[in-house]
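In case you want the letters, here they are:
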Amino acid sequence: GRAWVPPGGQDCELCLVRYPSSPDALKFLLHGCATRLKTGGRLLLYGHAREGVLAAAASLEPLFEARGRPFGTGDGRILEAVRTKEAPEEPFEAWLQTISLDLGEGLQRW
């Protein structure tokens, strides 16, 4: 797999992805999907209710508009959304972050 979608290529009509269970990873994923989905294209985001997939609906805008209620009645759920005209953040370099971590020998840039 790739960390980001390759530049160029065809716009897609459907993107099916698993909920990543982290707000930052979800934002990254939504912007990645938005770079390839054409306006009006469908996003299906699936995952476990206990992992937080239902809360992901609040993060869909402005790139996506939720459609209806989540599918499923048990632990597994599917959210459906439609791609809006809002521009995603790209390229991949726009997502790079540098932080400082203390790995036992003082702060190190990571």
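For the structure itself, consult the block above.
Residues numbered from 1 in each chain as written. Predicted model: local features only at pLDDT ≥ 70, side-chain atom pairs only at ≥ 80, totals over all residues. Heavy atoms only, no water.

A.B. asks: Lay out the pairing of strand β1 (residues 12–18) with the relevant residues and their values.
C.D. replies: Here β1 pairs with strand β2 (residues 37–48) via six bridges, running parallel. Pairing of V17 across the sheet is with L45, part of β2. The β-α-β motif built from β1, the intervening helix α1 (residues 23–36) and the parallel element β2 has right-handed crossover chirality. (Pairing = 2+ DSSP bridges. Helix = DSSP H or I, 4+ residues; strand = E, 2+ residues; numbered from the N terminus. Right-handed = clockwise from strand over helix to strand, strands pointing away.)

A.B. asks: Explain the pattern of salt bridges to me, using residue names and the numbers behind them.
C.D. replies: Counted according to the given criterion, the structure contains four salt bridges. R42 serves as the salt-bridge partner of E80, at 2.8 Å between the closest nitrogen and oxygen. Highlighted residues: E80 in strand β4 (residues 76–83) and R42 in strand β2, separated in sequence by 38 residues. For E80, a relative accessible area of 17% puts it in the buried group. Across the salt bridge formed by R67 and E65, the nearest N and O atoms sit 2.9 Å from each other. (Salt bridge = Lys/Arg side-chain N within 4 Å of Asp/Glu carboxyl O. Buried < 20%, exposed > 50% of the residue type's maximum accessible area, 1.4 Å probe, protein only.)

A.B. asks: Any details on a nonpolar patch on the surface? Residues and values, ideally.
C.D. replies: Taken together, the side chains of L16, Y46, F71 and I78 define a hydrophobic patch exposed on the protein surface, amounting to about 370 Å² of accessible area. In this fold, Y46 is placed in strand β2. (Patch = residues over 30% accessible without salt bridge, like charges linked within 9 Å, V, L, I, M, F, W, Y side chains within 5 Å. Areas by Shrake-Rupley, 256 points an atom, 1.4 Å probe, with all protein chains shown as cover.)

A.B. asks: Kindly report on the sheet that holds β1, identifying the contributing residues and their values.
C.D. replies: Strand order in this open sheet of four strands is β1-β2-β4-β3, and the pairing throughout is mixed. Where the open sheet ends on each side, the last strands, each with one partner, are β1 and β3 (64–66). Along the sheet, successive strands turn relative to each other by an average axial angle of 30°, direction set aside. The sheet contact formed by β3 and β4 spans three bridges and is antiparallel. Note on β4: the bridge partner recorded for E65 is V82. Contacts between α1 and the sheet are confined to β1, β2, β3 and β4, with β2 contributing the most and set at about 145° to the helix. (Axes fitted to C-alpha atoms, helices over the stretch in contact; angles between N-to-C directions. Contact = heavy atoms within 4.5 Å.)

A.B. asks: Requested: an account of the environment of L79, with residues and values cited.
C.D. replies: Within the element layout of this structure, L79 appears in strand β4. With relative accessibility at 6%, the residue L79 sits in the buried group. Spatially, the C-alpha atoms of L79 and G68 are 8.4 Å apart, while their sequence positions differ by eleven residues. What L79 contacts, discounting residues up to four positions off in sequence, is L43, L44, L45, V53, L54, A56, A57 and P70.

A.B. asks: I'd like to hear about α1, residue by residue, with values.
C.D. replies: Compared with the 20 Å implied by 1.5 Å per residue over 14 residues, the 21 Å span of α1 between its first and last C-alpha is a close match. All of the buried residues in α1 are L26, L29, L30, H31, G32, C33, A34, T35 and R36. Where α1 is buried, its residues meet β1, β2, β3 and β4. (Expected span 1.5 Å × (residues − 1).)

A.B. asks: Break down unusual backbone geometry for me, with residues and values.
C.D. replies: Residue P62 follows E61 across a cis peptide bond; omega there is 10°. Mapped onto the elements of the fold, P62 is located in the loop between β2 and β3.

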